[in-house]
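Reading the structure
Here's the letter readout for the chains.
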Amino acid sequence: MKKLFLLASILTCMFIFSGCESPTIEDEWHEPEIKEPVTNEMEIFIFGIGRSDAILITTENYTALIDTGERQNGSEIVRHMREKEIRRIDYLIITHFDNDHVGGAADVISAMNVANVIVPNYARESTNVSLFNSALQRKSIVPTVLTETMRFSLDNAEFWVNPASFRPEEYEDFEDDDDDSDDDDDTAVRRYNDDEYSIVVSVTHGRNNFLFTGDMSRYRLREIMENEDIADIDYNFYKVPRHGRRYNRSLRFIRELQPRFAVITGFHPDDEKKYRPERPANNRIIETLEEEGAEIFFTMTTSVYAISNGERLSVNYVR
């Protein structure tokens with residue numbers, strides 16, 4: 001009787017509404033994709049590899065690597081990731097093509113599964129860049145040449161990746177009336193072209209904000225200071241550009257950021273005799289960071305580890 005009643009109901013529906021159409025593809029129900037639970041946690045590991053940059057950012061399911069240090073650092077970066085059972089890099093970002101940023105890239109690309117590579121919009125000829133390009137070709141990876149701001153999410157972390165918007169060859173026509181740089185030769189513009197192309201990466205994880213600046217120098221610093229996307233964010237973690245060198249507006253920039261933590265990929269001036277002929281971080285940079293209440297970490301020989309749960313942020317040295 002129940003079956004007959006059901007059949008009668010269906011026929012009645014078809015009669016009243018002039019027939020029932022078959023569902024479209026959009027109307028069909030699909031089994032939802034089951035995902036692994038995501039913890040609201042992000043880890044940052046800044047390698048203690050001297051005056052070189054290599055910054056590993058991991059969330060529950062994803063990995064990003066900003067720069068790869070010198071050529072001899074590539075194997076150390078790979079070894080660390082394998083120890084952490086990391087086999088895939090979702091985003092490899094090379095901020096610029098100086099040897100202390102791109103040097104280890106060939107080894108990293110050769111050893112790891114790299115999904116996306118982001119590079120700055122300029123050309124540089126060097127042995128390390130040639131090795132980097134060869135490694136990309138062997139893996140059939142076409143890098144993204146960054147010409148405009150890119151945004152993406154890795155779990156709970158929001159990434160903002162920003163290229164230089166003007167060309168270093170325009171520097172001679174770029175007015176700068178606030179130059180308090182500690183450079184030995186301010187007229188040697190060509191030396192700083194690579195640094196001025198530096199990609200800047202901003203990461204927001206809950207209430208914690210992180211700014212990674214590559215080697216941005218005087219003109220790139222001015223450009224970032226005038227960027228509204230940066231100005232509207234309170235950064236509590238700051239990777240100091242170019243190993244703690246001081247450029248025009250750099251002290252003002254620190255005062256505007258007021259970071260809780262600052263990392264300098266280099267060493268303190270007190271250790272200058274130990275690391276000669278390398279140049280230490282600038283004293284005024286350190287003093288200004290201290291005045292703003294920042295806890296400062298140096299990576300000449302010791303790595304730095306930060307962990308954020310979206311609310312709290314802790315930063316410590318690790319060996």
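Scroll up to find the structure this text is about.
As the structure is a prediction and not an experimental result, all values here were calculated from the model. (Residues numbered from 1 in each chain as written. Predicted model: local features only at pLDDT ≥ 70, side-chain atom pairs only at ≥ 80, totals over all residues. Heavy atoms only, no water.)

To continue, consider the sheet that holds strand E8 (residues 144-145). Pairing between sheet strands relies on hydrogen bonds along the backbone, with the strands arranged either parallel or antiparallel. Spatially, 8 strands are ordered E8-E7-E5-E3-E2-E1-E16-E17 in an open sheet, and the strand pairing comes out mixed. Among the strands making up the open sheet, the edge pair consists of E8 and strand E17 (313-318). Alignment of strand E3 (residues 63-66) against strand E5 (residues 91-93), held across 3 bridges, turns out to be parallel. Bridging across to E5, Ala64 finds its partner in Tyr91. (Pairing = 2+ DSSP bridges. Helix = DSSP H or I, 4+ residues; strand = E, 2+ residues; numbered from the N terminus.)

The next point concerns helix H9 (residues 250-257). Among the residues making up H9, those that are buried are Ser250, Leu251, Phe253, Ile254 and Leu257. Viewed along the axis of H9, the buried residues span an arc of 160°, placing them on a single side of the element. Residues of H9 that are buried make contact with strand E12 (208-212), helix H7 (218-225), strand E13 (237-239) and helix H11 (283-291). Looking one or two places after H9, you find Gln258, whose phi comes out positive at around 50°. (Buried < 20%, exposed > 50% of the residue type's maximum accessible area, 1.4 Å probe, protein only. Arc of directions from axis to C-beta. Contact = heavy atoms within 4.5 Å.)

By the definition in use, this model includes 11 aromatic pairs. Ring centres of Phe297 and Tyr317 lie 5.0 Å apart, and the angle between their planes is 65°; this geometry places the pair in the edge-to-face category. Of this pair, Phe297 sits in strand E15 (residues 295-298) while Tyr317 sits in strand E17, and the two are 20 residues apart along the sequence. Linked through ring pairs, Phe97, Tyr122, Phe132 and Tyr197 together constitute an aromatic cluster. (Phe/Tyr/Trp six-rings, centres within 6.5 Å; stacked < 30°, edge-to-face > 60°.)

Turning next to the pattern of salt bridges. Going through the model one piece at a time under the given rule, you end up with 10 salt bridges. A salt bridge links Asp90 to Arg88; the shortest N-O distance between them is 2.6 Å. Of the residues examined, Asp90 reaches a relative accessible area of 6% and is grouped as buried. On the basis of relative accessible area, Arg88 is assigned to the partly exposed category, the value being 40%. For Arg151, the salt bridge identified is with Asp229, shortest N-O distance 3.3 Å. With a gap of 78 residues between them, Arg151 in strand E9 (residues 150-154) and Asp229 in helix H8 (residues 228-231) connect regions that are remote in the sequence. (Salt bridge = Lys/Arg side-chain N within 4 Å of Asp/Glu carboxyl O.)

Right, let's talk about the environment of Ser250 for a bit. Examined against the element boundaries, Ser250 turns out to sit in helix H9. When its relative accessible area of 8% is taken as the criterion, Ser250 is described as buried. For the pair Ser250 and Thr288, spaced 38 residues apart in sequence, the C-alpha separation works out to 9.7 Å. With residues near it in sequence (within four places) discarded, Ser250 still touches Leu221 and Ile285.

A word on the packing of H9 against H11. The contact between H9 and H11 brings their axes to 9 Å, and the two run at 15°. As summarised for this structure, H9 and H11 are arranged roughly parallel, according to the angle between their axes. Handedness of the H9/H11 crossing: right-handed. Packed against H9, whose contacting residues are Ser250, Leu251, Ile254 and Arg255, the element H11 presents Arg284, Ile285, Thr288 and Leu289 at the interface. Of the residues contributing to the contact of H9 with H11, the split by class is 4 nonpolar, 2 polar and 2 charged. (Axes fitted to C-alpha atoms, helices over the stretch in contact; angles between N-to-C directions. Parallel < 35°, antiparallel > 145°, perpendicular 65-115°, else oblique. Left-handed = near helix turned anticlockwise from the far one by under 90°. Nonpolar A, V, L, I, M, F, W, Y, C, P; charged D, E, K, R; others polar.)

What follows concerns unusual backbone geometry. Look at the link from Arg276 to Pro277: it is a cis peptide, with omega at 5°. In this structure, Glu85 is a non-glycine residue whose phi angle is positive, near 60°. Relative to the helices and strands, Glu85 resides in the loop between helix H2 (74-83) and strand E4 (88-89). Unusually for a residue other than glycine, Ser140 sits at a positive phi of about 55°. Mapping Ser140 onto the fold places it in the loop between helix H5 (127-138) and E8. Residue Ser140 is classed as exposed on the basis of its relative accessible area of 65%.

Quick look at the sheet that holds E12 now. The 7 strands lie next to each other as E9-E10-E11-E12-E13-E14-E15, forming an open sheet whose pairing is mixed. One side of each edge strand has no neighbouring strand; the edge strands of this open sheet are E9 and E15. Direction aside, the axes of adjacent strands within the sheet are offset by 15° on average. Note that strand E10 (residues 157-162) and strand E11 (residues 200-205) share 6 bridges and pair antiparallel. Its bridge partner lying in E11, Asn162 is registered against Val200.

It is worth spelling out H2 at this point. Among all positions in H2, only Gly74, Ile77, Val78, His80 and Met81 are buried. Viewed along the axis of H2, the buried residues span an arc of 160°, placing them on a single side of the element. Buried positions along H2 lie against strand E1 (42-46), strand E2 (55-58), E3, E4 and helix H4 (105-111). Looking one or two residues past H2, Glu85 carries a phi angle of roughly 60°, positive in sign.

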